[in-house]
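Fold and geometry: a report
Listed below are the residues making up each chain.
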Amino acid sequence: GFFQSYAVEVDIKDASNATCLYANWMMRFLITYETNTSDYKTTALNLSSSVTHNGSVCGNDTQAALLAVQFGEGHSWSINITKNNETYQGDFFTFTYNTNDTAVFPDAKRKGPVTVVVKDTSRPVQLNNVFVCHNTDFIEAENVTQIFWNVTVQAFVQNGTVSKKESRCPADTPTSAPTVLPTIANVTTVSTTTLSPAPTTAPKPVENPDTGNYSLKSGNKTCLLATVGLQLNVSQDKPFLININPKTTIADGACGNTTATLKLNDGNSTMIGF
């Protein structure tokens, strides 16, 4: 499937109407759930164009900041952010998905909200610095993969103005060679945030994609192998082709007892999960 994701922008004001918490990011979720026939399926939950941020809190020296959003049919996500001397840091993520949403979970055996809480392992950010991470980040817990990219966030904003000083995530620093890693069986999803402009002249023929070799290890043993050339044929306004370049593609994921997932990120806002 091809999904157009929406960016989320939240600008929380304090009592004097000055910005105290700012965030702009994109995210989506892969969720494995049990069906009425006791099989397991993996579905993708994307943000809608309408997102609320009820319950968000500025925070102070003694109270944590809270960035909270609600979307779709009863789904919500939040991050708790704490302040410590001269730094601030995410504490934990709380994600709630509602299997009563039949558009996303048409045959779910368990009905109602399910909440997953995950510890944030990112490093502290200096106060008066804005945290920026364009690369894709994955957080996996309890049959849920949370996927984030194009993240900009600053908590405990000083003087009501988002800082010009940036603290970049390690993934935004170029590396000499891509790494290969993977997560969930029988699902193929694609997420892209930037679409190529419609050509005004006849496009040049796109060559066949190069073949990439991707692998996943569990401990010191290889548990997944994929040798594949990938080309996406996307139709929106006008069709265009995207070749996945194995030389610049980073793979991620994990093997389980009964499932495995391979996630490929080409560094140009295109992500494919198998």
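Rules used throughout
Residues numbered from 1 in each chain as written. Predicted model: local features only at pLDDT ≥ 70, side-chain atom pairs only at ≥ 80, totals over all residues. Heavy atoms only, no water. UniProt positions renumbered as here; feature names shortened; annotations may be inferred. Pairing = 2+ DSSP bridges. Helix = DSSP H or I, 4+ residues; strand = E, 2+ residues; numbered from the N terminus. pLDDT = per-residue confidence, 0-100. Contact = heavy atoms within 4.5 Å. Buried < 20%, exposed > 50% of the residue type's maximum accessible area, 1.4 Å probe, protein only. Salt bridge = Lys/Arg side-chain N within 4 Å of Asp/Glu carboxyl O. Disulfide = S-S within 2.5 Å. Core = buried A, V, L, I, M, F, W, Y, C linked by side-chain atoms within 4.5 Å.

Per an unreviewed UniProt entry, the protein carries the name Lysosome-associated membrane glycoprotein 2 and comes from Smithornis capensis. The record in UniProt for the protein states the following under Sequence similarities (unreviewed entry): "Belongs to the LAMP family."

**Side note on the pairing of strand β12 (residues 137–141)**
Here 5 bridges tie β12 to strand β13 (residues 144–155), and the two strands are oriented antiparallel to one another. Across the sheet, residue I139 finds its bridge partner in β13, namely Q146. Hairpin geometry of β12 and β13 is characterised by an intervening segment of 2 residues between the two adjacent antiparallel strands and by a positive phi of about 50° at E142.

**Regarding the confidence of the model for the protein**
In low-pLDDT segments, the atomic positions of the prediction should not be examined closely. Per-residue confidence for the protein averages 82 on the pLDDT scale, and 84% of its residues sit at or above 70. This stretch, residues 175–196, has a pLDDT under 50; its non-local contacts, to residues over four places away or in other chains, come to 91 contacts.

**Side note on unusual backbone geometry**
With a phi angle near 50°, E142 is a residue other than glycine that sits in the positive phi range. One can find E142 in the loop between β12 and β13. Taking relative accessible area as the criterion, E142 reaches 53% and is therefore assigned exposed. Positive phi, close to 60°, is recorded for N159, a residue that is not glycine. Structurally, N159 can be placed in the loop between β13 and β14 (166–168).

**Quick notes on the pattern of salt bridges**
In the structure shown here, the tally under the stated rule is 8 salt bridges. Measuring nitrogen to oxygen at the nearest pair gives 2.9 Å for the salt bridge that ties K263 to E140. Overall, the relative accessible area of 1% leaves K263 in the buried class. A salt bridge links R168 to D172, with the nearest nitrogen and oxygen atoms 2.9 Å apart. Residue class for R168 comes out partly exposed when judged on its relative accessible area of 36%. What makes D172 buried here is its relative accessible area of 18%.

**A short note on the state of the cysteines**
With the rule as written, the count across this model stands at 3 disulfides. Between C20 and C58 runs a disulfide, and the two sulfur atoms are separated by 1.9 Å. Across the disulfide from C20 to C58, rotation about the S-S bond amounts to roughly -65°, and the bridge is consequently left-handed. Residue C20 is found in strand β3 (residues 19–34), and its partner C58 is found in the loop between β5 (51–52) and β6 (65–71); the two are separated by 38 residues along the sequence. C58 matches C20 in its accessibility class, with the two residues each being buried. For C133, the disulfide goes to C169, at an S-S distance of 2.0 Å. Given an S-S torsion of about 75°, the disulfide between C133 and C169 has right-handed geometry. Of the two residues, C133 is situated in strand β11 (residues 130–133) and C169 in the loop between β14 and β15 (189–192); the sequence distance between them amounts to 36 residues. Residue classification places C169 among the buried residues on the basis of a relative accessible area of 5%.

**Here's the deal with the nonpolar core**
If you look at the biggest cluster of nonpolar residues, it comprises 40 residues, and the most contacted ones within it are W25, W77, F95 and Y97. In terms of residue count, the dominant contributor to this core is β3 (8 residues). Setting aside residues no more than four positions away along its own chain, Y97 makes contact with I31, L45, H75, F105, G112, P113, V114, V116 and V144. Residues Y214, L216, I242 and A251 belong to the second largest nonpolar core, which totals 14 residues.

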